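So the chains spell out like this:
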Amino acid sequence: MEHGTWNLARFVASRLSRSRRCFSSMIPRPCIIHKRGSDILHDPWINKDTGFSLTERNRLGLRGLLPPRVISFEQQYSRFMESYRSLEKNTQNETDTSAVALAKWRILNRLHDRNETLYFRVLIDNIKDFAPIIYTPTVGLVCQNYSGLFRRPRGMYFSAKDKGEMMSMIYNWPSQRVDMIVLTDGSRILGLGDLGVHGIGIPIGKLDMYVAAAGLNPQRILPVMLDVGTNNLKLIHDPLYLGLRQPRLEGEEYLSIIDEFVEAVLTRWPKAIIQFEDFQMKWAFETLKRYRRRFCMFNDDVQGTAGVALAGLLGTVRAQGRPLDHFPNQKIVVVGAGSAGLGVVSMAVRAVAKMTGKAETAAQNFFLLDKDGLITKERKNLDPAAEPFAKDPGQIGELRDGDSLREVVKKVKPDVLLGLSGVGGVFDEEVLKAMRESSSSRPAIFAMSNPTMNAECTATEAFKFAGENIVFASGSPFENVKLGNGKVGYVNQANNMYLFPGIGLGALVSGARFVTDGMLQAAAERLASYMTDEEIQNGILFPSVKSIRDITAEVGAAVVRAAVEEELAEGYEGYLGVGPKELAHMSQEETVEYVRRNMWYPNYSPLVQQK
Ligand SMILES: NC(=O)c1ccc[n+]([C@@H]2O[C@H](COP(=O)([O-])OP(=O)(O)OC[C@H]3O[C@@H](n4cnc5c(N)ncnc54)[C@H](O)[C@@H]3O)[C@@H](O)[C@H]2O)c1
Ligand SMILES: O=C(O)C[C@H](O)C(=O)O
Ligand SMILES: [Mg+2]
């Protein structure tokens, strides 16, 4: 087939007519099931509650197991939203905001446990309201209270006691096919530290976002907890703790558990993608190095975060009214030299090197701090991962190793202050006021740590102390700030949710062998270019969460094109799957359409039972 002669519409039509699979993007197609009667009502993947038609009730042995009236999907939807809105109304004056957040989570979780089609429809339609409940920040609270909230298991749990058994355990998962796994060991849950097995809430929340934003089929996702123990003594001594009450495995013992799990997954589902999430830094880097050239995986905290931050940094240059090629001149202070901070600096420095063609000087305008202050080459026991970004002491205003954040901001006068420290309030009044002396007339403050309590500062503090002309972004959502005189300080949410669904989806529908730096760079660049100049001038660096499906399609397509360019796209065996040659011939627009068409959308499908 010649380039340019490939016709997406014709191609999609031909796929639609020949496919017999049970999920579709828009048109409900029959779903083949192997269950009957009450087993159907207890399976949230296929349950429709009172929505089963009378003919379906007859066909599936459901007659008499439900009240006689058939309630339509739209009626069920309205009834759920009414009960949610009445909870909202009844709790609006409640001062215990955590209790309210958990009550909202419970009502959504009950629906999730009962009827996934309805759950995902309400989630997609109300993503701006519901993302903060099923995802950051409430998901952090859920993990902290997991033993009390636990009713039904979700996902799979592999523990150190399962060594030697994982290859058979993986077949206990009821779905024949899994496309996307989010895996954690619970060792660094948001900024909340080691929450052991209770960290399972994070993979669940991330995969909910995959379904909502990337349209992954919920029957093909798998949240996984690898329980290798916990070093959180409070949990070890808690009689209701649900995980192994032993210290974390270390060294080769630890790695052998991950190796065994990975082997088991890839034996059953060789094309599954594994997203590593909320691993403590040493294992985040070690596992990334170990696996990234062996199968299709990425670490969201290192790589997804880096792309989102880079998009924000490029947006800041535009918001400051400067041309993009000014980026290498921006002075950027990064607070936190962990998996996220180092991921951000590495990617941003690579972008500078690409722009200037000078790798040796690309890190000169980045200033990295950890809990012991500014990192210089004089640092004792300097972490090799931080070494390329360590400053020469004496550079700019006599910088010294261990200089405090206040000193660094005063001496450097940065254009951007970016926090990934996990420590709430480190951007205090003095630090924020010092940002008024920034060499930019429109400095940016990125308080990216999660959840809300761990943000380096609040939005209100940032606008109050650093000035009304700043650009502001936070990892957890904050309300826009009223500045008086009808002016509003715009709050961006700089969260990796803008990228990981598109990275995963792009890797999936291209059949990429690996996730490369080139694919990640393409994802970040697409996110950066998504905003118009007008939006950027108004301080809006990231799109509204409301358009997350659209962004994800664009990011996914950028990842597909990069995978094709790097000759890593092996094709996708899905409902609308294509081979590598067809992928190679798609235009940019056709790729976006192809990605979009592969998104699952929640509708009740007619159920057909096969013995
Ligand atoms: N917004 C997002 O999308 C996003 C993505 C990833 C991580 N995060 C958040 O970033 C935070 C850090 O994650 P991580 O994986 O890098 O953790 P990490 O534990 O690997 O690293 C934390 C780093 O912060 C440093 N630090 C601690 N206290 C400090 C202080 N007072 N001043 C300066 N530095 C200090 C530590 O020395 C370490 O270098 C978490 O809160 C996490 O939720 C946000
Ligand atoms: O989970 C999030 O909201 C973002 C990020 O992955 C984090 O660990 O904080
Ligand atoms: Mg994370």
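Calculation rules
- Residues numbered from 1 in each chain as written.
- Chains lettered and ligands numbered in written order.
- Predicted model: local features only at pLDDT ≥ 70, side-chain atom pairs only at ≥ 80, totals over all residues.
- Heavy atoms only, no water.
- UniProt positions renumbered as here; feature names shortened; annotations may be inferred.
- Axes fitted to C-alpha atoms, helices over the stretch in contact; angles between N-to-C directions.
- Helix = DSSP H or I, 4+ residues; strand = E, 2+ residues; numbered from the N terminus.
- Parallel < 35°, antiparallel > 145°, perpendicular 65-115°, else oblique.
- Left-handed = near helix turned anticlockwise from the far one by under 90°.
- Contact = heavy atoms within 4.5 Å.
- Nonpolar A, V, L, I, M, F, W, Y, C, P; charged D, E, K, R; others polar.
- Donors = N, O, S within 2.8 Å, 3.2 Å for Na, K, Ca; no water.
- Buried < 20%, exposed > 50% of the residue type's maximum accessible area, 1.4 Å probe, protein only.
- 1 Å grid on protein atoms, 1.4 Å probe; cavity = no way out; pocket = protein on both sides within 12 Å on 5 of 7 lines; lining within 4 Å.
- Points joined across faces, edges and corners; volume = space filled by probe spheres on them.

- The name that an unreviewed UniProt entry assigns to the protein is Malic enzyme, with the source organism given as Hibiscus trionum.
- Per UniProt, the protein carries the Subcellular location (unreviewed entry) text "Mitochondrion".
- According to the UniProt record, the Function (unreviewed entry) comment for the protein reads "Involved in the regulation of sugars and amino acids metabolisms during the night period."

**Remarks on the packing of helix α4 (residues 73-90) against helix α7 (residues 127-134)**
Thinking step 1. Where α4 contacts α7, the two axes come as close as 14 Å, and the packing angle between them is 65 degrees. Taken together, the axes of α4 and α7 lie roughly perpendicular to each other. Between α4 and α7 lies a crossing whose hand is left-handed. Where α4 approaches α7, its residues F80, M81, Y84 and R85 are matched on the opposing element by D129, F130 and I133.
Thinking step 2. Tallied by class, the residues present in the contact of α4 with α7 amount to five nonpolar, no polar and two charged.

**Quick word on the coordination of the magnesium ion (ligand 3)**
Thinking step 1. Within the protein, E277 (OE), D278 (OD) and D301 (OD) serve as the donor atoms for the magnesium ion (ligand 3), at 2.0 to 2.1 Å.
Thinking step 2. When the donor residues of the magnesium ion (ligand 3) are listed from N- to C-terminus, their spacing reads E-D-x22-D. One exposure class covers both E277 and D278, and it is buried.

**A word on the layout of surface pockets**
Thinking step 1. Size it by volume and the largest pocket reaches roughly 1,300 Å³.
Thinking step 2. Breaking the lining of the largest pocket down by element, the ones donating at least two residues are α4, α5 (97-114), α7, α8 (138-144) and β15 (491-493).

**Some words on the UniProt feature "binding site: a divalent metal cation" (unreviewed entry) in the protein**
Thinking step 1. When the UniProt feature table is mapped to this numbering, "binding site: a divalent metal cation" (unreviewed entry) covers E277, D278 and D301. The named residues occupy 25 residues along the chain; their greatest pairwise C-alpha distance, 6.7 Å, places them in one compact cluster.
Thinking step 2. The residue E277 is located in the loop between β5 (273-276) and α14 (281-291) in this model.
Thinking step 3. With relative accessibility at 1%, the residue E277 sits in the buried group.
Thinking step 4. Sequence-distant contacts of E277, defined by excluding residues within four places in its chain, comprise V182, L183, T184, I202, K206, D300 and D301.

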